[in-house]
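Chain residues, written in single-letter form:
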Amino acid sequence: MHQMAMRIDDFGKPAWIALMVLGFIVFWPIGLAILAYIIWSGRMGCGWRRGEWRGQQFREKFGKWAGPMGPQYSTGNRAFDEYRADTLRRLEEEARDFEGFLGRLRMAKDKAEFDEFMNERRNNPPRPEAPEADKPAGV
């Protein structure tokens, strides 16, 4: 499945759109499934991908054309604009810190599971195979 998606990615967004339209023509649940996959995987530059909302990247990239929530937007009240910028900066820093915490938490869980596996393996060594003479005929 991954190989097929990579091939379609080589043709770009028009190929995904054509595949989705063809899916709707053939059997509408296929088209709906392709649409869900396109949105979920972030192939159209929108939706969730790797835990972040891709619309934020659009706003950062296109700045003043992104609408009233873009980085160029000013309310006219400089005190509020500074407060908003500081709050957003603090929230972004907290999000980065939280991602780091989650990474450390996952690493600790993986290490604990691996240590448990190694302890079980040490306590229950693998059994040696029977010599050739002890094996039944025909095996």
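Residues numbered from 1 in each chain as written. Predicted model: local features only at pLDDT ≥ 70, side-chain atom pairs only at ≥ 80, totals over all residues. Heavy atoms only, no water.

## A word on the confidence of the model for the protein chain
Formally: Each residue carries a pLDDT score, the predictor's confidence in it, ranging from 0 to 100. Secondary structure follows DSSP: runs of H or I at least 4 residues long count as helices, runs of E at least 2 residues long count as strands, and numbering of each begins at the N terminus.
Here the protein chain averages 78 in pLDDT, and 70% of its residues register 70 or above. For the protein chain, per-element mean pLDDT is lowest for strand S1 (residues 48–49), which scores 50, and highest for helix H5 (residues 78–123), which scores 92.

## A word on H5
Stated precisely, the cut-off is as follows: One fewer than the residue count of a helix, multiplied by 1.5 Å, yields its expected span. For this analysis, a polar contact is any N or O atom pair within 3.5 Å, provided that within protein one partner can donate a hydrogen and the other can accept it, and provided that sequence-adjacent residues contribute only side-chain to side-chain pairs.
Over its 46 residues, H5 runs 67 Å from end to end, which matches the ideal 68 Å to within 8%, given 1.5 Å per residue. Where H5 begins, the capping side chain belongs to Asn-77, and its oxygen is found 3.1 Å from the backbone nitrogen of Ala-79.

## Some words on the packing of aromatic side chains
Cut-off, in case you're wondering: Think of it this way: a Phe, Tyr or Trp ring, Trp meaning its six-membered ring, pairs with another when their centres are within 6.5 Å, and the plane angle makes it stacked under 30 degrees, edge-to-face over 60, tilted otherwise. When accessible area is computed with a 1.4 Å probe and restricted to protein chains, residues below 20% of their type maximum are described as buried, those above 50% as exposed, and intermediate ones as partly exposed.
Considering all chains together, one arrives at four aromatic pairs under this definition. Aromatic pair Trp-16 and Tyr-37: ring centres 5.7 Å apart, planes at 45°, arrangement tilted. Taken together, the residues Trp-16 in helix H2 (residues 13–26) and Tyr-37 in helix H3 (residues 28–41) connect sequence positions 21 residues apart. Residue Trp-16 is classed as buried on the basis of its relative accessible area of 5%. Aromatic pair Tyr-37 and Trp-40: ring centres 6.0 Å apart, planes at 40°, arrangement tilted. Of the two residues, Tyr-37 and Trp-40 both sit in helix H3, three residues apart, roughly one turn of that helix.

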